Amino acid sequence: MPELPEVETVRQGLDTWVTGRTIASVEVRHPRAIRRHLPGDAHFAAVLTGRTVTGVSRRGKYLWLPLDSGDAIVGHLGMSGQLLLQPADAPDETHLRVRFTFTDGGAQLRFVDQRTFGGLAVSEGGAVLPGEIAHIARDPLDPLFSDEDFVAALRRKRTEVKRALLDQTLLSGVGNIYADEALWRARLHGARAADALTGPAARRLLGHVRDVLREAIVAGGTSFDALYVNVNGESGYFDRSLDAYGREGLPCHRCGTAIRREQFMNRSSYSCPRCQPRPRRTPR
DNA sequence: ATCCCGCCCTGAGCGC
DNA sequence: TGCGCTCAGGGCGGGA
C-alpha cells in the first residue's frame, strides 16, 4: 500500500517522535513480522534492548532506524503495515505485530500489519545503509540520484515502461498509484516499450515522477482507507489530487474522456484512452 | 544476465 | 445471513 510519499510521511513522524529515545523492551507478537530476521525473535529483542535510535532514514519504500550500536532496524510496510506511536494504555490493535517501549516511559512504537507482507529486521552494521537493501536504487528525491544514469538504464530495458517504473532496482519509491499518475502526466501508456522512449521523453517522464512524489509528500500521502495512516493515525489527502488512479469511468481532467481500467501484472492500471493511446507495438 | 510469474496474507465489498 | 469470489497501495524466489 504505501509508496514513497506515504513512507516518507512515516519517516518524518518517526524522526520527530523516536529519534534520541532508548529502547527499553521489544515484544514480538507475530513471528512472521520478523521473518527476515533469521536469528529469531529472542535475538531480535536482545540486540535492540538498551539501544538508542539515532535517526530515521529511508530509501525508496524501505525505512531504517540507525542505532548507537552501529546496527539498524530495517523495515518495510508491505501492503498494509503501519508504524504507530501509541500511549502505553492504548488497547492493542487487532493486527499488532511488534511493540517497542522506551526508557522514558513515553509513547510506544507499534508495528501493526493486517496482511503481514511487511516486516522488521535488525541489520548488523547497517546504520549507514543496511546491506539488505543495497540492491534498491536511490529514489528520485535523493540528492545523489542520477537522472542521466536512470534515463540511460530505462532506455536499455526491454520491457514496458510501467513495469520499468515499478522496478525498484532502477529507481525506487514508485508503486502502482504514482506510476499511473506520472504516466498520465507524461501522456504515455504504460505498455509503451521502455527502450523506444526518446531521451527527452524519458527525462520528461522522470520529471513527472518527481513532481507527483513531491506533491504527494506535501499532502501527507494518499489514503483510501484506514490502512494507510501516519505515525499519529492520521490520513493523507493526496487522493483528492489523483488524475488517473482509481478513477475508472470518471472524466479525464485534461480532455473529459472516461478513464479506463486495464489489468497489468495482475494489478489495475488506470489511464486516459485519448491522452494515453495504447501503443501499436509492445515489447516482446 | 534479464525478465516474468506466482506466491506470501487478511479483510472488505459485492452478487447470489 | 452467509457463502464464495474479486480486489487491495509490494517484493521476493525461482523458473524460463
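All values reported here derive from a predicted model rather than from experimental measurement.

Enquirer: Teacher, can you tell me more about the pattern of salt bridges here?
Expert: Oppositely charged side chains may form a pair once their charged atoms are brought near each other. Tallying each qualifying case throughout the model produces 22 salt bridges. Between aspartate 180 and lysine 162 there is a salt bridge, with the nearest N and O atoms lying 2.7 Å from each other. One end of the pair, aspartate 180, is in helix α5 (residues 176–186); the other, lysine 162, is in helix α4 (residues 161–165), and 18 residues separate them in sequence. As far as the burial class goes, aspartate 180 and lysine 162 line up, both buried. Note that arginine 278 is salt-bridged to glutamate 262, the shortest N-O span being 3.1 Å. Placement of arginine 278 in the segment after β10 (267–271) and of glutamate 262 in strand β9 (residues 260–264) is noted, with a sequence separation of 16 residues between them. By relative accessible area, arginine 278 is classed as partly exposed at 46%.

Enquirer: Where do I start with helix α1 (residues 4–17) in this structure?
Expert: Think of an α-helix as turning once every 3.6 residues; residues three or four places apart then point the same way. In this model, α1 (14 residues) spans 20 Å end to end at C-alpha, consistent with the 20 Å of a helix rising 1.5 Å per residue. For α1, the buried fraction is high: 10 of the 14 residues fall into the buried class. Looking at α1, one finds that the buried residues are Leu4, Pro5, Glu6, Val7, Glu8, Thr9, Val10, Arg11, Gly13 and Leu14. The elements touched by buried residues of α1 are β2 (57–59), β3 (62–66), β5 (81–86), β7 (108–113), α5 and α6 (199–218).

Definitions and limits used
- Residues numbered from 1 in each chain as written.
- Chains lettered and ligands numbered in written order.
- Predicted model: local features only at pLDDT ≥ 70, side-chain atom pairs only at ≥ 80, totals over all residues.
- Heavy atoms only, no water.
- Salt bridge = Lys/Arg side-chain N within 4 Å of Asp/Glu carboxyl O.
- Helix = DSSP H or I, 4+ residues; strand = E, 2+ residues; numbered from the N terminus.
- Buried < 20%, exposed > 50% of the residue type's maximum accessible area, 1.4 Å probe, protein only.
- Expected span 1.5 Å × (residues − 1).
- Contact = heavy atoms within 4.5 Å.

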